[in-house]
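Descriptive analysis of the structure
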Amino acid sequence: MIKASEIIANTEHLVEPRFEEQYQALIETCKRTLPSVDEELLRRAFLFSYHAHKDVQRKSGEAYISHPLAVAQIVAENISFDDVSVAAALLHDVVEDTHYSLEEIRAWFGSTLETVIDGLTKIGGIFSSRELGQAENVRKLMLSMASDIRVILVKFADRLHNMRTLKSLDLPRRLKIASETLDLFAPLAHRFGLFAIKSELEDLATSILHADEYDAVVRGLQETSEEREAFINSFIGPVRERLQQDGFDFEIYGRSKNVYSILRKMKMQDKPLDEIYDVFAIRIVLSADGSRGKEDCWRVYSIITDLYKPLPERFRDFISVPKSNGYQSLHTTVLGPRGRRVEVQIRTQQMHQIAERGFAAHWRYKEQVTQSDGKLDDFLTWVRDLLENPRPEAATEFVKEFRLNLYHEEIYVFTPRGELLTLPNNATPVDFAFQVHSEVGFHCIGAKVNGRMVPLSHRLTSGDQVEIITSKKQTPNPDWMNFVVTHKARSRVRHWINEKRRKTIELGQDVWRKRARRSRVEADDRALQRAARDLKFPNTQQMFYELGSGLLDPRELVKVLKEGVDAPQESDEPRWQDHFESFLQSAHETGRPGLLIDGELHTDITTKYATCCNPIPGDDVFGFVSKTGAISIHRFTCRNATHLLSTNADRIVQVEWSRQKDVQFVTALRIIGEDRVGMMADITTVISKNLKTNIRSITVDSEDGIFEGTIVLFVSDLDHLHRLISRVKRIGGVHGVFRFEEVGDEA
Ligand code: MN
């Protein structure tokens, strides 16, 4: 093994000046933001990473080292936790992307960095592998987070830098990463109190997912920036004067909401941009800290409300009662000049640091806190709690509860989508299924734990990822009562068994009534009781139950009632169960276009092809589960896709095309060319004759010698469509052929 010292000695003189500069800037930042800086450690981490990644480039063509350096800069600047996390950021891709191993990291940088890099490598591997669904990522993310808090801190920074440099990836990857960022990373960053990172992640993701809307808001903000600035200055002026007179040391400035939250507000309130950022926001940050600072916040509050009339319903005191992510501030909304509403936030420098950089910064102000301190556990507990309980106010009580229960009476398992479920010890997949939803419980037929099939009676353990396999035909099995442990599962199964029994008895009575009529048997209750006894049933209920479930042949009952007289033989009516079976069978065979949903072929799920984007086999698609349980299939490039992906992640299912039978899909071409004689005929001939494609409709516009046609037609898949496009392109006078996205409106 080459010694680290040799690598470093050999690398030192190779460092390109621009990266040396970037590194020096990093050290400066660390000295400014961190309580202590082990420069020797950081230098070693930098040179080692530089050496390990040399000759490698990012997709953008940049030298790879620029990435770990940028990530480290974000960790130092925006998270400001400690020097170990900065070193981890420098080394974060070494094990994953180079031939250096974790053992080498341990040997050269110690076990703490080993743990962090290990966690990061595991997450990284998960993220770069495309087969694994998002849920698996979430689970790994949470589990690794519990091993060392720095894993997730560095991961945030890594994600932020990747989002900043996303332009070099293709569109589907960009959309996927951006929606994952909006779904997962931004809310998590928020829960960690990393406000600055959260805001930037949201905006970067929005600029990709909703590019047009994003640009429109940015443009709108630019156009009105002067006017807004003037207004803010007119508001701030008198405040600044008073605060200076009273001897406060402070900063005051207009705060801009990020584009994401403006857009969200626009959508929620259904208002145009100029009515949204009409709500101005001002922030006052005081230098005084501690109890003096707290008092000062209140004094400033009273000055503000002297100057401007407050709207009492808009006052929030997050200083006395901080948010669960540590956020402290006074919020008030006042009526500013020209009667415009202005939100004012008042906080100390320390509160501000925590608000921007999260809990990590919180520790900095409690320097006596070491990592082995219970605080860290509290924090991790807090994080887990928040992941499970989105209600912020539930956090405090839950932390206490959680500490008592952790690793004792409860286990923590994950759904395929990465949601955390708490179950009692010895819980089984059936308990899990009922916890997810009664319907899942009722129809569960099997289970996969960490990707492997297990019996339904399998005992789960903490950290398991559980996937329930359901079948519409499956119903609860009374055997389940022997192993389920949760109250919910027990009571639902018991109730179901009773219901089922009641219905079967009713069915048995029905069967009997019909049979009795046909066989001309008249039997009163007493006769039936006697017959039940003769047939060795404890009571008539049980007899009817067995009739209903097909265990007792009604002819036997007829026979017993007629005291030995043979009942006439009649042809058996097909049982309703048979009808049902054959219905399912025929539904199966009509050959619904094969779609793999979450990797499996489901014939019992209704699928529809969204008319907003008309996917055809070969397109990248996803499924969206409607309220009725049907799944509509959209293309990733659909105009609705980004909205669905980012706001309804829990209703998205992975869908792939499976091999097709002869199924035709509707799609459309937009053709632009010269408006010459015979153009139309040429196009239709090429399409319908040469490629044997059915045309559904044609719309043509001709103006100034330009031909523009939209042809709605049926194709079998993307290949077919591409062949069509290239053939039509070859027709003389055709300038362009495009797939037309919105067929629905045209047809
Ligand atoms: Mn990275």
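Right, let's walk through the structure included here.

**Points about the overall build of the protein**
What the protein contains, in helices and strands, is 32 helices and 21 strands. Counting all 747 residues of the protein, 49% fall into the buried class. Entry remark: accessible area of the protein is about 37,700 Å², with carbon and sulfur atoms responsible for 49%.

**Quick look at the nonpolar core**
Residues Leu26, Phe46, Phe48, Val86, Phe109 and Ile197 are the most contacted members of the largest nonpolar core, which totals 71 residues. Beyond its immediate sequence surroundings of up to four residues, Phe48 is in contact with Ile7, Ile8, Leu91, Val94, Tyr100, Ile105, Trp108 and Phe109. Counting residues in each nonpolar core, the second largest holds 27 residues, with Met679, Val686, Ile711 and Leu718 among its members.

**Some thoughts on the pairing of strand E15 (residues 621-625)**
With four of five residues buried, E15 lies mostly within the body of the structure. With five bridges connecting them, E15 and strand E16 (residues 631-635) associate as antiparallel partners. Its bridge partner lying in E16, Gly623 is registered against Ile633. Where E15 lies against strand E17 (residues 652-657), three bridges are found, and the strand directions are antiparallel. Note on E17: the bridge partner recorded for Phe622 is Gln654.

**Comments concerning the sheet that holds strand E10 (residues 452-454)**
Strand order in the open sheet formed by three strands is E10-E9-E11, and the pairing between neighbours is antiparallel. The sheet terminates laterally at E10 and strand E11 (466-470), the two strands that pair on one side only. Ignoring strand direction, the axes of neighbouring strands in this sheet form an average angle of 35 degrees. Judged from the five bridges that link them, strand E9 (residues 444-449) and E11 form a sheet pairing that is antiparallel. In the strand pairing of E11, Ala447 is matched with Ile468.

**Focus on the coordination of the manganese ion**
The protein atoms that coordinate the manganese ion are His67 (NE2), His92 (NE2), Asp93 (OD) and Asp158 (OD), at distances of 2.2 to 2.4 Å. Counting along the primary sequence, the residues that act as donors to the manganese ion give the motif H-x24-H-D-x64-D. Of this pair, His67 sits in helix H4 (residues 66-79) while Asp158 sits in helix H10 (residues 149-164); the two residues are 91 residues apart in sequence, bridging distant segments of the chain. Asp158 shares its class with His67; the two are buried.

Scoring rules and cut-offs
Residues numbered from 1 in each chain as written. Predicted model: local features only at pLDDT ≥ 70, side-chain atom pairs only at ≥ 80, totals over all residues. Heavy atoms only, no water. Helix = DSSP H or I, 4+ residues; strand = E, 2+ residues; numbered from the N terminus. Buried < 20%, exposed > 50% of the residue type's maximum accessible area, 1.4 Å probe, protein only. Areas by Shrake-Rupley, 256 points an atom, 1.4 Å probe, with all protein chains shown as cover. Core = buried A, V, L, I, M, F, W, Y, C linked by side-chain atoms within 4.5 Å. Contact = heavy atoms within 4.5 Å. Pairing = 2+ DSSP bridges. Axes fitted to C-alpha atoms, helices over the stretch in contact; angles between N-to-C directions. Donors = N, O, S within 2.8 Å, 3.2 Å for Na, K, Ca; no water.

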